[in-house]
Amino acid sequence: MYDFAYHRPKSVADAVALLKGKEEARPMSGGMTLIPTLKQRLAKPSDVVDLGGVKELAGIKVEGGNVVIGAMTKHGDVATSADVKAHIPALADLAGHIGDPQVRNRGTIGGSVANADPAADYPAAVVALNATVTTNTGKHAADGFFKGLFETALGEGEIITSISFPKPEKAAYMKFPNPASRYAMVGVFVAKTASGVRVAVTGAGPSVFRVKAMEEALSKNFSSDAIKDIKVPATDLNSDIHGSAEYRAHLVGVMARRAVDKANK
Amino acid sequence: MAKLHVSTTINGEPQEFLCDAEQSMLDVLRGPLGLTGAKEGCGTGDCGACTITLNGRIVCSCLMLAAEAEGQEIGTIEGMAGEELHPLQQKFLESAALQCGICTPGVLMAAKALLEKNPDPTEHEVRFWLAGNLCRCTGYDKIIRAVMDTAADMRAAR
(Lines give C-alpha, C1' and ligand atoms only; values in the text may rest on other atoms or scores of the structure.)
Protein backbone atom coordinates (compact mmCIF):
# COMPACT_ATOMS: atom_id res chain seq x y z
CA MET A 1 0.00 0.00 0.00
CA TYR A 2 1.06 3.53 -0.64
CA ASP A 3 0.92 5.86 2.33
CA PHE A 4 -2.28 7.80 2.97
CA ALA A 5 -3.90 9.81 5.72
CA TYR A 6 -6.53 7.85 7.66
CA HIS A 7 -9.67 9.50 9.00
CA ARG A 8 -12.51 8.03 11.02
CA PRO A 9 -15.34 10.61 11.13
CA LYS A 10 -18.37 10.09 13.34
CA SER A 11 -21.00 11.76 11.13
CA VAL A 12 -21.92 11.97 7.45
CA ALA A 13 -21.34 15.73 7.55
CA ASP A 14 -17.80 15.25 8.87
CA ALA A 15 -17.10 12.53 6.29
CA VAL A 16 -18.26 14.77 3.44
CA ALA A 17 -16.18 17.66 4.80
CA LEU A 18 -13.10 15.40 4.86
CA LEU A 19 -13.68 14.31 1.27
CA LYS A 20 -14.31 17.82 0.01
CA GLY A 21 -11.57 19.58 -1.88
CA LYS A 22 -9.31 16.53 -1.90
CA GLU A 23 -9.29 15.07 -5.35
CA GLU A 24 -7.58 11.87 -4.27
CA ALA A 25 -9.59 11.20 -1.11
CA ARG A 26 -11.56 7.97 -1.03
CA PRO A 27 -14.38 6.93 1.28
CA MET A 28 -14.10 3.40 2.70
CA SER A 29 -17.11 1.38 3.79
CA GLY A 30 -16.34 -2.29 4.46
CA GLY A 31 -13.08 -2.10 2.54
CA MET A 32 -13.60 -5.49 0.90
CA THR A 33 -12.72 -4.05 -2.49
CA LEU A 34 -10.80 -0.93 -1.52
CA ILE A 35 -8.23 -2.63 0.75
CA PRO A 36 -7.23 -5.29 -1.82
CA THR A 37 -7.05 -2.50 -4.42
CA LEU A 38 -4.75 -0.50 -2.17
CA LYS A 39 -2.63 -3.57 -1.46
CA GLN A 40 -2.14 -4.15 -5.18
CA ARG A 41 -1.22 -0.48 -5.54
CA LEU A 42 -3.99 -0.03 -8.07
CA ALA A 43 -5.13 3.07 -6.20
CA LYS A 44 -3.16 5.79 -4.51
CA PRO A 45 -5.55 7.88 -2.44
CA SER A 46 -4.19 10.83 -0.48
CA ASP A 47 -6.79 10.22 2.22
CA VAL A 48 -8.97 7.29 3.24
CA VAL A 49 -12.16 8.34 4.99
CA ASP A 50 -13.35 5.31 6.96
CA LEU A 51 -17.15 5.40 7.32
CA GLY A 52 -17.08 2.61 9.92
CA GLY A 53 -17.50 5.06 12.78
CA VAL A 54 -20.58 6.75 11.32
CA LYS A 55 -23.32 5.11 13.39
CA GLU A 56 -26.19 6.91 11.61
CA LEU A 57 -25.38 4.98 8.41
CA ALA A 58 -26.06 1.46 9.74
CA GLY A 59 -29.37 -0.19 10.46
CA ILE A 60 -32.54 -1.53 8.91
CA LYS A 61 -36.03 -0.15 9.28
CA VAL A 62 -39.41 -0.71 7.70
CA GLU A 63 -41.17 2.47 6.57
CA GLY A 64 -44.59 1.95 5.03
CA GLY A 65 -44.16 -0.52 2.20
CA ASN A 66 -40.39 -0.09 2.07
CA VAL A 67 -37.42 -1.74 3.69
CA VAL A 68 -34.83 0.98 4.23
CA ILE A 69 -31.29 -0.25 4.70
CA GLY A 70 -28.53 2.04 5.95
CA ALA A 71 -25.51 2.18 3.65
CA MET A 72 -23.09 0.78 6.24
CA THR A 73 -25.29 -2.23 7.01
CA LYS A 74 -23.25 -5.36 6.55
CA HIS A 75 -24.30 -8.17 4.22
CA GLY A 76 -24.48 -10.53 7.19
CA ASP A 77 -26.93 -8.22 8.95
CA VAL A 78 -29.17 -7.95 5.88
CA ALA A 79 -29.08 -11.75 5.53
CA THR A 80 -30.21 -12.35 9.12
CA SER A 81 -32.53 -9.36 9.60
CA ALA A 82 -36.01 -10.44 10.69
CA ASP A 83 -37.46 -7.39 8.89
CA VAL A 84 -35.76 -8.16 5.58
CA LYS A 85 -36.65 -11.85 5.84
CA ALA A 86 -40.28 -10.99 6.54
CA HIS A 87 -40.74 -8.36 3.83
CA ILE A 88 -38.23 -9.17 1.07
CA PRO A 89 -36.87 -12.68 1.70
CA ALA A 90 -35.19 -12.65 -1.72
CA LEU A 91 -33.00 -9.78 -0.59
CA ALA A 92 -31.95 -11.59 2.61
CA ASP A 93 -31.21 -14.67 0.50
CA LEU A 94 -29.06 -12.62 -1.88
CA ALA A 95 -27.10 -11.04 0.97
CA GLY A 96 -26.53 -14.43 2.60
CA HIS A 97 -24.79 -15.73 -0.50
CA ILE A 98 -22.34 -12.88 -1.07
CA GLY A 99 -18.73 -14.06 -0.74
CA ASP A 100 -18.07 -15.94 2.50
CA PRO A 101 -18.82 -15.26 6.19
CA GLN A 102 -15.68 -13.14 6.62
CA VAL A 103 -16.75 -10.93 3.72
CA ARG A 104 -20.37 -10.74 4.87
CA ASN A 105 -19.20 -9.54 8.29
CA ARG A 106 -17.39 -6.58 6.76
CA GLY A 107 -18.81 -5.74 3.35
CA THR A 108 -21.67 -3.27 3.23
CA ILE A 109 -24.64 -2.68 0.95
CA GLY A 110 -23.69 0.95 0.34
CA GLY A 111 -20.13 0.04 -0.54
CA SER A 112 -21.24 -2.67 -2.93
CA VAL A 113 -23.74 -0.41 -4.68
CA ALA A 114 -21.35 2.57 -4.88
CA ASN A 115 -18.55 0.35 -6.20
CA ALA A 116 -20.78 -1.04 -8.98
CA ASP A 117 -18.65 -4.11 -9.60
CA PRO A 118 -20.04 -5.80 -12.72
CA ALA A 119 -20.26 -9.11 -10.82
CA ALA A 120 -21.68 -7.77 -7.55
CA ASP A 121 -25.04 -9.13 -6.40
CA TYR A 122 -26.76 -6.08 -4.89
CA PRO A 123 -27.05 -4.03 -8.11
CA ALA A 124 -29.46 -6.68 -9.45
CA ALA A 125 -31.69 -6.25 -6.39
CA VAL A 126 -31.54 -2.46 -6.54
CA VAL A 127 -32.66 -2.42 -10.18
CA ALA A 128 -35.18 -5.29 -10.08
CA LEU A 129 -36.88 -4.01 -6.93
CA ASN A 130 -36.81 -0.44 -8.29
CA ALA A 131 -35.09 0.79 -5.15
CA THR A 132 -34.23 4.39 -4.36
CA VAL A 133 -30.64 5.26 -3.49
CA THR A 134 -30.48 8.11 -0.98
CA THR A 135 -27.28 10.12 -0.59
CA ASN A 136 -26.14 13.12 1.41
CA THR A 137 -27.26 15.33 -1.45
CA GLY A 138 -30.43 13.73 -2.79
CA LYS A 139 -32.11 10.66 -4.19
CA HIS A 140 -31.40 8.49 -7.24
CA ALA A 141 -33.88 6.18 -8.94
CA ALA A 142 -32.53 2.69 -9.62
CA ASP A 143 -32.84 3.05 -13.38
CA GLY A 144 -29.99 5.29 -14.42
CA PHE A 145 -27.99 4.88 -11.20
CA PHE A 146 -25.61 2.27 -12.63
CA LYS A 147 -23.84 3.91 -15.56
CA GLY A 148 -21.30 1.28 -16.54
CA LEU A 149 -18.27 -0.66 -15.36
CA PHE A 150 -17.59 0.59 -11.78
CA GLU A 151 -19.50 3.73 -12.70
CA THR A 152 -22.56 5.21 -11.01
CA ALA A 153 -24.52 8.45 -10.94
CA LEU A 154 -22.78 9.43 -7.68
CA GLY A 155 -20.95 12.75 -7.86
CA GLU A 156 -17.74 13.88 -6.17
CA GLY A 157 -18.07 13.81 -2.41
CA GLU A 158 -21.48 12.17 -2.64
CA ILE A 159 -22.01 9.35 -0.14
CA ILE A 160 -24.84 6.81 -0.14
CA THR A 161 -26.70 7.04 3.15
CA SER A 162 -29.43 4.44 2.63
CA ILE A 163 -31.24 2.36 0.06
CA SER A 164 -35.00 1.99 0.12
CA PHE A 165 -36.48 -1.19 -1.33
CA PRO A 166 -40.22 -1.29 -2.05
CA LYS A 167 -41.75 -4.56 -0.95
CA PRO A 168 -42.54 -6.74 -4.01
CA GLU A 169 -45.42 -9.19 -4.38
CA LYS A 170 -42.96 -11.92 -5.24
CA ALA A 171 -39.24 -11.94 -5.89
CA ALA A 172 -36.24 -14.22 -6.13
CA TYR A 173 -32.57 -14.08 -6.98
CA MET A 174 -30.62 -16.87 -8.62
CA LYS A 175 -26.96 -16.72 -9.39
CA PHE A 176 -24.41 -18.96 -10.97
CA PRO A 177 -21.52 -18.19 -8.65
CA ASN A 178 -17.90 -18.35 -9.56
CA PRO A 179 -16.93 -21.37 -7.43
CA ALA A 180 -13.87 -19.64 -5.97
CA SER A 181 -15.03 -16.09 -5.28
CA ARG A 182 -18.82 -16.59 -5.21
CA TYR A 183 -19.09 -13.48 -7.34
CA ALA A 184 -21.93 -13.79 -9.82
CA MET A 185 -20.86 -15.16 -13.20
CA VAL A 186 -24.50 -14.40 -13.91
CA GLY A 187 -27.13 -13.39 -11.39
CA VAL A 188 -30.76 -12.67 -12.18
CA PHE A 189 -33.15 -10.91 -9.82
CA VAL A 190 -36.82 -11.21 -10.74
CA ALA A 191 -39.43 -9.10 -8.97
CA LYS A 192 -43.19 -9.02 -9.43
CA THR A 193 -44.58 -5.72 -8.23
CA ALA A 194 -47.91 -3.90 -8.43
CA SER A 195 -46.55 -1.94 -11.41
CA GLY A 196 -45.28 -4.96 -13.34
CA VAL A 197 -42.38 -7.38 -13.44
CA ARG A 198 -38.73 -6.34 -13.46
CA VAL A 199 -35.83 -8.59 -14.41
CA ALA A 200 -32.30 -7.39 -13.65
CA VAL A 201 -29.11 -9.18 -14.62
CA THR A 202 -25.72 -8.80 -12.98
CA GLY A 203 -22.39 -10.44 -13.76
CA ALA A 204 -23.15 -10.88 -17.44
CA GLY A 205 -22.40 -7.41 -18.78
CA PRO A 206 -20.23 -4.41 -17.85
CA SER A 207 -23.07 -3.24 -15.62
CA VAL A 208 -26.44 -4.47 -14.37
CA PHE A 209 -29.16 -4.41 -17.06
CA ARG A 210 -32.86 -5.18 -17.45
CA VAL A 211 -34.33 -7.69 -19.88
CA LYS A 212 -37.46 -5.97 -21.19
CA ALA A 213 -38.61 -8.91 -23.30
CA MET A 214 -38.69 -11.14 -20.21
CA GLU A 215 -40.41 -8.44 -18.18
CA GLU A 216 -43.22 -8.14 -20.76
CA ALA A 217 -43.69 -11.88 -21.01
CA LEU A 218 -43.67 -12.34 -17.24
CA SER A 219 -46.11 -9.46 -16.73
CA LYS A 220 -48.63 -11.42 -18.79
CA ASN A 221 -47.78 -14.82 -17.32
CA PHE A 222 -45.49 -15.09 -14.29
CA SER A 223 -44.14 -18.54 -15.01
CA SER A 224 -40.77 -19.81 -16.21
CA ASP A 225 -42.50 -21.25 -19.29
CA ALA A 226 -43.35 -17.75 -20.43
CA ILE A 227 -39.67 -16.90 -20.94
CA LYS A 228 -38.31 -20.23 -22.10
CA ASP A 229 -37.82 -19.04 -25.68
CA ILE A 230 -36.42 -15.61 -24.88
CA LYS A 231 -32.74 -15.34 -25.71
CA VAL A 232 -30.40 -12.57 -24.62
CA PRO A 233 -27.86 -11.55 -27.27
CA ALA A 234 -24.22 -12.24 -26.36
CA THR A 235 -23.10 -8.96 -27.91
CA ASP A 236 -21.46 -6.71 -25.29
CA LEU A 237 -21.54 -9.40 -22.59
CA ASN A 238 -18.44 -10.21 -20.54
CA SER A 239 -16.02 -12.80 -21.80
CA ASP A 240 -13.18 -14.00 -19.57
CA ILE A 241 -11.41 -17.12 -18.30
CA HIS A 242 -14.53 -18.06 -16.35
CA GLY A 243 -16.90 -18.05 -19.29
CA SER A 244 -17.52 -16.73 -22.76
CA ALA A 245 -20.14 -14.12 -23.64
CA GLU A 246 -22.23 -16.85 -25.30
CA TYR A 247 -22.09 -18.98 -22.15
CA ARG A 248 -23.14 -16.03 -20.03
CA ALA A 249 -26.00 -15.22 -22.42
CA HIS A 250 -27.20 -18.80 -22.03
CA LEU A 251 -26.90 -18.58 -18.23
CA VAL A 252 -29.09 -15.46 -18.17
CA GLY A 253 -31.99 -17.53 -19.52
CA VAL A 254 -31.34 -20.42 -17.14
CA MET A 255 -30.96 -18.23 -14.06
CA ALA A 256 -34.03 -16.15 -14.98
CA ARG A 257 -36.21 -19.27 -15.29
CA ARG A 258 -34.88 -20.65 -12.01
CA ALA A 259 -35.50 -17.31 -10.32
CA VAL A 260 -39.12 -17.26 -11.51
CA ASP A 261 -39.63 -20.83 -10.26
CA LYS A 262 -38.07 -19.89 -6.93
CA ALA A 263 -40.30 -16.80 -6.64
CA ASN A 264 -43.37 -18.95 -7.32
CA LYS A 265 -42.50 -21.51 -4.64
CA MET B 1 3.52 10.40 8.25
CA ALA B 2 2.96 10.40 11.98
CA LYS B 3 2.08 7.10 13.59
CA LEU B 4 -1.51 6.51 14.61
CA HIS B 5 -2.19 5.64 18.23
CA VAL B 6 -4.77 2.88 18.63
CA SER B 7 -6.45 1.71 21.85
CA THR B 8 -8.21 -1.59 21.50
CA THR B 9 -9.01 -4.81 23.34
CA ILE B 10 -7.33 -8.05 22.31
CA ASN B 11 -8.55 -11.34 23.79
CA GLY B 12 -10.21 -9.41 26.60
CA GLU B 13 -7.12 -7.40 27.57
CA PRO B 14 -6.75 -3.67 26.85
CA GLN B 15 -4.01 -3.10 24.30
CA GLU B 16 -2.45 0.01 22.80
CA PHE B 17 -0.24 0.19 19.76
CA LEU B 18 1.22 2.58 17.22
CA CYS B 19 0.78 1.88 13.53
CA ASP B 20 0.98 3.40 10.09
CA ALA B 21 -2.26 4.10 8.24
CA GLU B 22 -1.45 1.51 5.60
CA GLN B 23 -0.69 -1.32 8.05
CA SER B 24 -3.23 -4.12 8.24
CA MET B 25 -4.48 -5.56 11.51
CA LEU B 26 -2.64 -8.74 10.57
CA ASP B 27 0.64 -6.80 10.15
CA VAL B 28 0.30 -5.36 13.63
CA LEU B 29 -0.79 -8.63 15.25
CA ARG B 30 2.08 -10.60 13.80
CA GLY B 31 4.68 -7.82 14.08
CA PRO B 32 4.70 -5.48 17.07
CA LEU B 33 2.15 -7.47 19.09
CA GLY B 34 3.87 -10.81 18.55
CA LEU B 35 0.60 -12.70 18.03
CA THR B 36 1.67 -14.93 15.18
CA GLY B 37 -1.23 -17.40 15.29
CA ALA B 38 -3.10 -15.66 12.47
CA LYS B 39 -1.32 -16.41 9.22
CA GLU B 40 -0.96 -14.52 5.99
CA GLY B 41 -1.95 -16.87 3.20
CA CYS B 42 -3.17 -14.81 0.28
CA GLY B 43 -3.34 -11.31 1.73
CA THR B 44 -6.42 -10.60 -0.36
CA GLY B 45 -9.26 -11.99 1.77
CA ASP B 46 -9.68 -15.24 -0.10
CA CYS B 47 -8.06 -17.89 2.10
CA GLY B 48 -9.17 -17.04 5.65
CA ALA B 49 -5.85 -18.05 7.30
CA CYS B 50 -5.78 -14.62 8.96
CA THR B 51 -9.28 -14.96 10.47
CA ILE B 52 -9.81 -13.12 13.75
CA THR B 53 -12.95 -11.84 15.43
CA LEU B 54 -13.93 -8.19 15.36
CA ASN B 55 -16.59 -7.55 17.99
CA GLY B 56 -17.31 -11.27 18.00
CA ARG B 57 -17.67 -11.70 14.25
CA ILE B 58 -15.09 -13.42 12.07
CA VAL B 59 -13.22 -11.19 9.63
CA CYS B 60 -10.03 -11.38 7.60
CA SER B 61 -7.41 -9.39 9.49
CA CYS B 62 -5.46 -8.91 6.25
CA LEU B 63 -8.38 -6.82 4.94
CA MET B 64 -8.73 -4.69 8.02
CA LEU B 65 -6.67 -1.58 8.63
CA ALA B 66 -5.02 -1.70 12.03
CA ALA B 67 -6.37 1.79 12.70
CA GLU B 68 -9.89 0.40 12.48
CA ALA B 69 -9.32 -1.50 15.73
CA GLU B 70 -9.70 1.72 17.74
CA GLY B 71 -12.30 1.10 20.45
CA GLN B 72 -13.18 -2.36 19.10
CA GLU B 73 -12.80 -5.86 20.52
CA ILE B 74 -10.41 -8.18 18.74
CA GLY B 75 -10.20 -11.92 19.31
CA THR B 76 -7.36 -14.10 18.03
CA ILE B 77 -6.49 -17.78 18.11
CA GLU B 78 -4.18 -17.07 21.07
CA GLY B 79 -7.29 -16.38 23.15
CA MET B 80 -9.06 -19.60 22.23
CA ALA B 81 -7.61 -22.02 24.80
CA GLY B 82 -8.15 -21.47 28.50
CA GLU B 83 -6.42 -23.73 31.04
CA GLU B 84 -7.12 -26.48 28.56
CA LEU B 85 -7.45 -26.51 24.82
CA HIS B 86 -10.82 -25.57 23.39
CA PRO B 87 -12.77 -28.73 22.46
CA LEU B 88 -12.33 -27.84 18.79
CA GLN B 89 -8.56 -27.63 19.18
CA GLN B 90 -8.49 -30.94 21.03
CA LYS B 91 -10.65 -32.63 18.40
CA PHE B 92 -8.54 -31.28 15.54
CA LEU B 93 -5.49 -32.83 17.21
CA GLU B 94 -7.16 -36.16 17.90
CA SER B 95 -8.63 -36.54 14.45
CA ALA B 96 -5.63 -35.11 12.61
CA ALA B 97 -7.81 -32.52 10.96
CA LEU B 98 -4.76 -30.69 9.73
CA GLN B 99 -1.58 -31.29 7.85
CA CYS B 100 0.66 -28.27 7.36
CA GLY B 101 -1.35 -26.20 9.85
CA ILE B 102 -1.28 -22.85 8.10
CA CYS B 103 -5.05 -22.69 7.70
CA THR B 104 -5.81 -24.22 11.11
CA PRO B 105 -5.96 -21.08 13.28
CA GLY B 106 -8.38 -19.49 10.82
CA VAL B 107 -10.47 -22.62 10.51
CA LEU B 108 -10.68 -22.93 14.32
CA MET B 109 -11.74 -19.28 14.71
CA ALA B 110 -14.45 -19.71 12.09
CA ALA B 111 -15.61 -23.06 13.48
CA LYS B 112 -15.83 -21.65 17.00
CA ALA B 113 -17.94 -18.75 15.75
CA LEU B 114 -20.21 -21.24 13.99
CA LEU B 115 -20.75 -23.43 17.05
CA GLU B 116 -21.49 -20.40 19.20
CA LYS B 117 -24.25 -19.47 16.78
CA ASN B 118 -25.40 -22.93 15.85
CA PRO B 119 -24.50 -25.79 18.23
CA ASP B 120 -26.10 -28.40 15.98
CA PRO B 121 -25.08 -27.62 12.40
CA THR B 122 -25.67 -29.95 9.48
CA GLU B 123 -22.70 -30.92 7.35
CA HIS B 124 -23.99 -28.54 4.68
CA GLU B 125 -24.09 -25.69 7.19
CA VAL B 126 -20.53 -26.42 8.34
CA ARG B 127 -19.28 -26.40 4.77
CA PHE B 128 -21.20 -23.20 3.98
CA TRP B 129 -19.88 -21.50 7.13
CA LEU B 130 -16.27 -22.53 6.45
CA ALA B 131 -16.46 -21.41 2.81
CA GLY B 132 -14.08 -18.56 3.59
CA ASN B 133 -11.33 -20.84 4.87
CA LEU B 134 -9.23 -22.63 2.32
CA CYS B 135 -7.11 -25.69 3.12
CA ARG B 136 -4.74 -27.03 0.50
CA CYS B 137 -3.80 -30.22 2.38
CA THR B 138 -6.64 -32.14 3.93
CA GLY B 139 -9.35 -31.99 1.33
CA TYR B 140 -11.70 -30.71 4.04
CA ASP B 141 -13.32 -34.00 5.04
CA LYS B 142 -11.35 -34.34 8.27
CA ILE B 143 -11.97 -30.70 9.11
CA ILE B 144 -15.70 -30.96 8.55
CA ARG B 145 -15.89 -34.21 10.52
CA ALA B 146 -13.87 -32.74 13.39
CA VAL B 147 -16.24 -29.76 13.61
CA MET B 148 -19.32 -32.03 13.50
CA ASP B 149 -17.83 -34.36 16.15
CA THR B 150 -16.92 -31.44 18.41
CA ALA B 151 -20.42 -30.06 18.07
CA ALA B 152 -21.85 -33.43 19.11
CA ASP B 153 -19.45 -33.68 22.09
CA MET B 154 -20.26 -30.16 23.22
CA ARG B 155 -24.00 -30.81 22.98
CA ALA B 156 -23.61 -34.03 24.99
CA ALA B 157 -21.57 -32.22 27.65
CA ARG B 158 -24.24 -29.61 28.26
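Rules of the game
- Residues numbered from 1 in each chain as written.
- Chains lettered and ligands numbered in written order.
- Predicted model: local features only at pLDDT ≥ 70, side-chain atom pairs only at ≥ 80, totals over all residues.
- Heavy atoms only, no water.
- Contact = heavy atoms within 4.5 Å.
- Buried area = accessible area lost by both parts, 1.4 Å probe.
- Salt bridge = Lys/Arg side-chain N within 4 Å of Asp/Glu carboxyl O.
- Polar contact = N/O pair within 3.5 Å; in protein donor to acceptor, adjacent residues only side chain to side chain.
- Helix = DSSP H or I, 4+ residues; strand = E, 2+ residues; numbered from the N terminus.
- Buried < 20%, exposed > 50% of the residue type's maximum accessible area, 1.4 Å probe, protein only.
- Phe/Tyr/Trp six-rings, centres within 6.5 Å; stacked < 30°, edge-to-face > 60°.
- Lys NZ or Arg CZ within 6 Å of the ring centre and 35° of its normal.

Colleague: So, the interface of chain B and chain A: which residues are in play, and what are the values?
Modeller: Across the contact, 28 residues belong to chain B and 25 residues belong to chain A. Both faces combined, the contact of chain B with chain A buries some 2,300 Å², and carbon together with sulfur accounts for 57% of it. Ranking the residues of chain B by area buried against chain A places Glu-22, Arg-57 and Leu-63 of chain B at the top, with a combined share of 27%. The closest approach of N and O atoms between Lys-39 of chain A and Glu-40 of chain B, which form a salt bridge, is 4.0 Å. Linking chain B with chain A are ten residue pairs in polar contact (both at pLDDT 80 or more), by the criterion used here. Where the side of chain B that touches chain A is concerned, the elements lending two or more residues are strand E3 (51-54), strand E4 (57-60) and helix H4 (123-129) of chain B. With four residues, the single largest contributor to the side of chain B that touches chain A is E4 of chain B.

Colleague: How would you summarise the pattern of salt bridges if you had to cite specific residues and measurements?
Modeller: Taken as a whole, this structure holds 20 salt bridges over all chains when the rule is applied. Its salt-bridge partner being Glu-68 of chain B, residue Arg-106 of chain A comes within 2.9 Å of it at the nearest N-O pair. Here Arg-106 of chain A, found in the loop between helix H6 (101-104) and helix H7 (109-115), pairs with Glu-68 of chain B, found in the loop between E4 and strand E5 (73-75), and the two come from separate chains. In this pair, the class of Arg-106 of chain A matches that of Glu-68 of chain B, namely buried. When the shortest N-O distance is used, the salt bridge between Arg-210 of chain A and Glu-215 of chain A registers 2.8 Å.

Colleague: So what's going on with the packing of aromatic side chains? Which residues, and what values?
Modeller: Residues and elements named next belong to chain A. Within this structure, the stated rule accounts for three aromatic pairs over all chains. For the ring pair Phe-176 and Tyr-247, a centre distance of 6.3 Å and an interplane angle of 85 degrees mean the geometry is edge-to-face. Of the two residues, Phe-176 is situated in strand E11 (residues 170-177) and Tyr-247 in helix H10 (residues 245-264); the sequence distance between them amounts to 71 residues. Judged by relative accessible area, Tyr-247 falls into the partly exposed class, the value being 34%. Directly above the ring of Tyr-2 sits Arg-41, whose terminal nitrogen or CZ lies 4.6 Å from the centroid. Across from the ring centre of Tyr-2, 5.0 Å away, lies the NZ or CZ of Lys-44, which sits over that ring.

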